[in-house]
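Architecture and fold: a report
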Amino acid sequence: MHNSQNADFKWPDHYQAIFHETITSTNDVAKDMAVKGAASGTIIYAAQQTKGRGRLGNQWISPSGNLYYSLLLRPADLHAKDAGQYSFMAAVALRKLLSEYLDSKYDIQLKWPNDILIDHQKISGILLEAETKSDGFLEWLVIGIGVNLKHAPDHAANLSKLSPKNSDIHGFAKALTGLLHTGIEHIQKDGFEAISQEWLSHAYRLGQEIKLRLPTGEGKGIFKGINENGALIYTNEAGEEKILSSGEVFF
Ligand code: BTN
């Protein structure tokens, strides 16, 4: 482990980044630190995880050389129902960064709720975890991000195979932090609307048919957009507009 403030590159102000070559899960360590009172802006990032976690209880296979990154935030006055907005903000920031590594012939799309795809193959996933106070507002929020910088499972995208630019883990994490910082300021100052519009302008299968895996079984719908909390808006086969919040459905 080392404190990256001492490395030969500078991180944005107000962020304290700690690098581990190998870790259990950057989200687990960041959450543990949050409970113990770590400051907003603490970043845990690693080159390898032994217990990486994905959404919906999935494992996140985490070989050495990819980026595993978690940012702890303590946003003032963020209600739990609005917390999902931060994963859309992170997806937009990550998309911007990836676009700096890739030729414009590649299509970088955002798949609801929080995957980043390059030419239909997943390159990155986001796992948001939070603790809520009794009044419904957040005590802390951890934004966990995995990016396939050097390795990818079958049918997933690998940045080093697509980009001529060296995807150095420290440089990538530092640039990501800068873009997240801009996104956080944007959302806190101007609200979710602009970020939601930007996310939608790159949304995968917007206006098209999607298959939904619902608690009641499989269904089909047309993907219409997202609402002010980031929930999915679709029309069902009867043409009725429906809303599903993240975690209840995926396609
Ligand atoms: C998903 O697509 O299911 C979300 C994957 C999130 C993986 C990242 S890697 C860094 C952080 N630590 C974890 O254990 N998970 C997240």
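A few points on the structure. Computed from a prediction, not measured in an experiment: that's the story for all the values here.

1. Considering the pairing of strand β12 (residues 241–244)
- In this structure, strand β11 (residues 232–235) lies alongside β12, joined through 4 bridges in antiparallel fashion. By the bridge assignment for β12, L232 is matched with L244.
- Hairpin remark: β11 followed by β12, antiparallel, with 5 residues in the connecting loop; positive phi at G239, about 80°.

2. Observations concerning the site of the ligand
- Taken together, 20 residues form the shell around the ligand, and within it S25, Q49, R53, R55 and K122 come nearest.
- Contact between the ligand and S25: an oxygen atom at 2.8 Å from a side-chain N or O atom of the residue.
- Relative to its unbound accessible surface of 420 Å², the ligand loses 97% to contact with the protein.
- Listing elements by their share of the shell around the ligand, those giving two or more residues are α1 (26–35), β4 (67–73), β7 (121–132) and β8 (138–147).

3. Looking at the environment of I169
- Along the polypeptide, I169 turns up in helix α4 (residues 169–190).
- Each C-alpha atom of the pair I169 and Y68 lies 9.2 Å from the other, and the pair is 101 residues apart in sequence.
- Residues contacting I169, with those up to four places away along its chain left out, are F19, Y45, A46, A47, N66, L67 and L149.

4. So, the packing of aromatic side chains
- Per the counting criterion, the structure on display carries 5 aromatic pairs.
- A ring pair is formed by F19 and Y45, whose centres lie 5.0 Å apart and whose planes are at 50°; its orientation type is tilted. Here F19 is found in strand β2 (residues 16–23), whereas its partner Y45 is found in strand β3 (residues 42–49), with 26 residues between them in sequence.
- Pairing F88 with F192 gives two aromatic rings, centres 6.0 Å apart and planes at 70°, and the pair type is edge-to-face. Taken together, the positions of F88 in helix α2 (residues 85–101) and F192 in the loop between α4 and α5 (193–201) put the pair 104 residues apart, joining distant regions of the chain.
- Overall, the relative accessible area of 2% leaves F88 in the buried class.
- Taken together, the ring pairs connect W11, F19 and Y45 into an aromatic cluster.
- When the ring centre of Y101 is taken as origin, the NZ or CZ atom of K165, which lies over that ring, is 4.4 Å away.

5. A closer look at the sheet that holds strand β10 (residues 217–226)
- Sheet architecture is open: 4 strands sit in the order β9-β10-β11-β12, paired in antiparallel fashion. The two strands at the open ends of the sheet, each matched to only one other strand, are β9 (209–214) and β12. Sheet twist, expressed as the average angle between the axes of neighbouring strands with direction ignored, equals 50°.
- Pairing of β9 with β10, which is carried by 6 bridges, proceeds in the antiparallel orientation. Across the sheet, L212 pairs through a bridge with G219, a residue of β10.

6. Notes on the nonpolar core
- Judged by nonpolar contacts, the single largest core of 61 residues is most densely connected at Y45, L67, Y69, I145, F172 and W199.
- Of all the elements, α2 adds the most residues to this core, at 11 residues.
- In this structure Y69 touches T26, I43, I44, Y45, I143, G144, I145, A173, L176, T177 and L180, once residues within four positions along its chain are discounted.
- The next biggest cluster of nonpolar side chains, apart from the first, holds 10 residues, and it includes A30, A34, A38 and V142.

7. Some details on the pattern of salt bridges
- According to the stated counting rule, one finds 8 salt bridges in the structure shown.
- With a shortest N-O distance of 2.5 Å, R53 and D28 are connected by a salt bridge. Of this pair, R53 sits in the loop between β3 and β4 while D28 sits in helix α1, and the two are 25 residues apart along the sequence.
- According to the relative accessible area criterion, R53 is partly exposed, its value standing at 30%.
- Here E129 makes a salt bridge to K31, at a shortest N to O gap of 3.2 Å. Here K31 lies in helix α1 and E129 lies in strand β7, a separation of 98 residues in the sequence.
- What you see here is one network of salt bridges that share partners, running through D28, K31, R53 and E129.

Thresholds, definitions, all that
- Residues numbered from 1 in each chain as written.
- Predicted model: local features only at pLDDT ≥ 70, side-chain atom pairs only at ≥ 80, totals over all residues.
- Heavy atoms only, no water.
- Pairing = 2+ DSSP bridges.
- Helix = DSSP H or I, 4+ residues; strand = E, 2+ residues; numbered from the N terminus.
- Near = heavy atom within 4 Å.
- Polar contact = N/O pair within 3.5 Å; in protein donor to acceptor, adjacent residues only side chain to side chain.
- Areas by Shrake-Rupley, 256 points an atom, 1.4 Å probe, with all protein chains shown as cover.
- Contact = heavy atoms within 4.5 Å.
- Phe/Tyr/Trp six-rings, centres within 6.5 Å; stacked < 30°, edge-to-face > 60°.
- Buried < 20%, exposed > 50% of the residue type's maximum accessible area, 1.4 Å probe, protein only.
- Lys NZ or Arg CZ within 6 Å of the ring centre and 35° of its normal.
- Axes fitted to C-alpha atoms, helices over the stretch in contact; angles between N-to-C directions.
- Core = buried A, V, L, I, M, F, W, Y, C linked by side-chain atoms within 4.5 Å.
- Salt bridge = Lys/Arg side-chain N within 4 Å of Asp/Glu carboxyl O.

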